[in-house]
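Below are the chains, spelled out letter by letter.
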Amino acid sequence: MRISTGQMFNQNINSILKQQSGSAKVMEQLSSGKKVNTSADDPVAANGIDNLNQQNALLEQYLRNIDYANHRLALAETKLGAAEEMAMSLRDQILSGVNGSLSDLARQIIADEMRGTLEELLNIANSRDEAGNYLFAGFKIDTQPFEIDASGNYVYRGDQGVRDTAVANGVVVATNFPGDKAFIFSNPTGDYSASYLAGQTGEFKVESAKITHSASHIEQDYRFNFIDNGAGGVNLEVRDASNALVTTVNNFDAANPVSFNGLEVNLSGTPKAGDSVTLTPQAEVSLLDNFRDAIALLESEEINTPAGKSKLAQLLNNSNSGLNQISIVRGEAGNSLKSFDSYGARHEEEKLANASALSLLEDLDYASAVTEFEKQQLALNAVSSVFGKVSSLSLFDYL
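Note that this is a predicted model, so its numbers are computed, not measured.

Chemist: Mind laying out the overall build of the protein, listing which residues take part and the relevant values?
Modeler: Each helix and strand counted, the protein has seven helices and 14 strands in total. Per-residue burial over the protein gives 39% buried out of 399 residues. Long-range contacts, defined here as pairs at least 24 residues apart, represent 68% of the contacts in the protein between residues at least 6 apart. Carbon together with sulfur atoms contributes 51% to the accessible area of the protein, which is approximately 21100 Å² in total.

Here's what the structure looks like:
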């Protein structure tokens, strides 16, 4: 077989280029410390590496979300803890002021102290984070959540928005608590609140007033008038907002509930003729308003009257419910913080597992790579030497 000079040159050049390419590839691996730098190096391994890198990027995002949410919730939980302590203090101060042996001055001192504590509680409800955003305003982070209106009522200006943060695949956790969830609670009496007549002589109170049949219920104010029945007891007249008679209960017995217009009312104690109580629709109670009313009661002469005692019982019941509501929300914050720790630890473990898998797929064995590089260099030198000698051969050297 005849071999042309051009063919010989091409074969030798291709051999040199092949050895140079192999050496360059090994040199790149040594430089990067990775045995897979492009998908052409190992398509299967490259695909696995890409998947693991995507998983790690997602885990990093989850961990950043957890850090942010953890900080925000920890701040909210701390504020709720302080609010819980102040609510307990205010409730205890109410109980202290009930003592009938206290002078008006002593009760006024307690009321003044309560007013200062209530101001602190309001400041907590209007807390901000380090960025100046209100913690308990829902989505309205630029709006002060609680304000006092012209009537002296504490009004919630925020909304019910809850910001959710993704902390794992398919898992989101709330990172804030709207103020109406933390400081406003369901009326423990039911769906109506009671207002007692200042001149009340009997000792009784409304235990509950709940809607039992919403279809037949007519929401409005109702007034209970107790009238002498001529036999040592009382009859009950229930009148609506227009003073129209709704129902009459002869020989009223507090052991039996009063039902009308889809509403069921339970009373306790012994009302007397001439007593009256008004029921007003109120499904929710503001803890701030409740303590404001308690302060006003302590500062009034009504505190030691039957009406004052009935009102006080309602205020204490509200205080306990409000305190319980703050505890529930604080507990939710604590549970979320605990779950953050759990998910964070789990993500860190998964990152370690992914790092181990990545190491197996892409980390270079330097000893093997150096040996391969030496082999490539030796082969390249041999090919280059042979090509140099062959290319210099001439028939005239042998004539």
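Chemist: Account for the sheet that holds strand β7 (residues 203–211), naming residues and giving values.
Modeler: Pairing within the open sheet is antiparallel, and its three strands lie in the order β7-β12-β11. The outermost strands of the open sheet, each flanked by one partner alone, are β7 and β11 (258–260). Pairs of neighbouring strands in the sheet enclose a mean axial angle of 20 degrees, with direction left out of account. Sheet analysis places β11 next to strand β12 (residues 263–270), joined by three bridges and oriented antiparallel. Bridging across to β12, Phe260 finds its partner in Leu263.

Chemist: I'd like a description of the packing of helix α3 (residues 104–125) against helix α5 (residues 287–298), backed by residues and values.
Modeler: Contact geometry of α3 with α5 gives a least axis separation of 9 Å together with a crossing angle of 165 degrees. Judged by the angle between their axes, α3 and α5 are roughly antiparallel. Helix-helix and strand crossings are classified by hand; for α3 and α5 the assignment is left-handed. Counted together, Arg107, Ile110, Ala111, Met114, Arg115, Leu118, Leu121 and Leu122 of α3 and Leu287, Leu288, Phe291, Arg292, Ala294, Ile295 and Leu298 of α5 form the full contact between these two elements. Split by residue class, the contact of α3 with α5 holds twelve nonpolar, no polar and three charged.

Chemist: Tell me about α3, and name the residues and values.
Modeler: For α3, with 22 residues, the first-to-last C-alpha span of 31 Å sits near the 32 Å given by 1.5 Å per residue. All buried positions along α3 are accounted for by Arg107, Ile110, Ala111, Met114, Thr117, Leu118, Leu121, Leu122, Ile124 and Ala125. End-on, the buried residues of α3 take up no more than an arc of 150 degrees, which puts them together on one face.

Chemist: Let's hear about the sheet that holds strand β13 (residues 276–281): which residues, and what values?
Modeler: Taken together, five strands build an open sheet; the order of strands is β6-β13-β8-β9-β10 and the sheet is antiparallel. The two strands at the open ends of the sheet, each matched to only one other strand, are β6 (192–196) and β10 (245–249). Taking the axes of each pair of neighbouring strands and ignoring which way they run, one obtains an average angle of 20 degrees across the sheet. Direction of pairing for strand β8 (residues 222–228) relative to β13: antiparallel, over a ladder of four bridges. Bridging across to β13, Asn225 finds its partner in Ser276.

Chemist: Residue-level account of the packing of aromatic side chains, with values.
Modeler: According to the stated counting rule, one finds nine aromatic pairs in the structure shown. Arranged with centres 5.0 Å apart and planes meeting at 70 degrees, the rings of Tyr222 and Phe260 form a pair that is edge-to-face. One end of the pair, Tyr222, is in strand β8; the other, Phe260, is in strand β11, with 38 residues separating them in the sequence. On the basis of relative accessibility, which here comes to 1%, the residue Tyr222 falls in the buried class. On the accessibility criterion, Phe260 (6% relative accessible area) is buried. Here the aromatic cluster, defined as three or more aromatic residues joined through ring pairs, consists of Phe136, Phe146, Tyr156 and Phe183.

Chemist: Before we move on, can you summarise the pairing of β13 with the specific residues and values?
Modeler: Where β6 and β13 come together, five bridges link them in antiparallel fashion. If you follow Ala194 over to β13, its bridge partner there is Leu279.

Chemist: Requested: an account of the pattern of salt bridges, with residues and values cited.
Modeler: In a structure, side chains of opposite charge can pair up when their charged atoms sit close to one another. One pass over the structure, following the stated rule, counts 15 salt bridges. Asp112 is the partner of Arg115 in a salt bridge, and the nearest nitrogen-oxygen pair spans 3.3 Å. One end of the pair is Arg115 and the other is Asp112, both in helix α3 and three residues apart, which spans about a single turn. With a relative accessible area of 39%, Arg115 lands in the partly exposed category. The exposure class of Asp112 is partly exposed, given its relative accessible area of 40%. Salt bridges sharing common partners tie together Glu77, Glu84 and Arg330.

Chemist: Just give me the short version of α5, but keep the residues and values in it.
Modeler: Relative to the 16 Å expected for twelve residues at 1.5 Å per residue, α5 spans 17 Å between its end C-alpha atoms, a close match to the ideal helical length. The buried count for α5 comes to nine of twelve residues, which makes it a mostly enclosed element. If you check which residues of α5 are buried, you get Leu287, Leu288, Asp289, Asn290, Phe291, Ala294, Ile295, Leu297 and Leu298.

Chemist: Can you lay out unusual backbone geometry for me, pointing to particular residues and giving the numbers?
Modeler: Most peptide bonds adopt trans geometry, and most residues besides glycine take a negative phi value. Positioned with a positive phi, Asn243 is a non-glycine residue whose angle comes to about 70 degrees. For Asn243, the location among the structural elements is in the loop between β9 (234–239) and β10. Positive phi, close to 50 degrees, is recorded for Asn251, a residue that is not glycine.

Chemist: Go over the nonpolar core with me, naming the residues and quoting the values.
Modeler: Residues Met114, Leu121, Phe146, Phe183, Phe291 and Phe340 are the most contacted members of the largest nonpolar core, which totals 50 residues. Taken together, the elements giving at least two residues each to this core come down to α2 (43–97), α3, β2 (154–156), β3 (164–168), β5 (184–186), α5 and α6 (306–362).

Chemist: With reference to specific residues and values, describe the side chain of His217.
Modeler: In this structure, His217 sits in the loop between β7 and β8. By relative accessible area, which is 14% here, His217 ends up buried. Setting aside its immediate chain neighbours within four residues, His217 contacts Tyr192, Ile211, Asn261, Gly262 and Leu263.

Chemist: Can you lay out the side chain of Asn126 for me, pointing to particular residues and giving the numbers?
Modeler: Note that Asn126 resides in the loop between α3 and β1 (146–148). You can call Asn126 buried: its relative accessible area is 12%.

The rules behind each value
- Residues numbered from 1 in each chain as written.
- Predicted model: local features only at pLDDT ≥ 70, side-chain atom pairs only at ≥ 80, totals over all residues.
- Heavy atoms only, no water.
- Helix = DSSP H or I, 4+ residues; strand = E, 2+ residues; numbered from the N terminus.
- Buried < 20%, exposed > 50% of the residue type's maximum accessible area, 1.4 Å probe, protein only.
- Contact = heavy atoms within 4.5 Å.
- Areas by Shrake-Rupley, 256 points an atom, 1.4 Å probe, with all protein chains shown as cover.
- Pairing = 2+ DSSP bridges.
- Axes fitted to C-alpha atoms, helices over the stretch in contact; angles between N-to-C directions.
- Parallel < 35°, antiparallel > 145°, perpendicular 65-115°, else oblique.
- Left-handed = near helix turned anticlockwise from the far one by under 90°.
- Nonpolar A, V, L, I, M, F, W, Y, C, P; charged D, E, K, R; others polar.
- Expected span 1.5 Å × (residues − 1).
- Arc of directions from axis to C-beta.
- Phe/Tyr/Trp six-rings, centres within 6.5 Å; stacked < 30°, edge-to-face > 60°.
- Salt bridge = Lys/Arg side-chain N within 4 Å of Asp/Glu carboxyl O.
- Core = buried A, V, L, I, M, F, W, Y, C linked by side-chain atoms within 4.5 Å.

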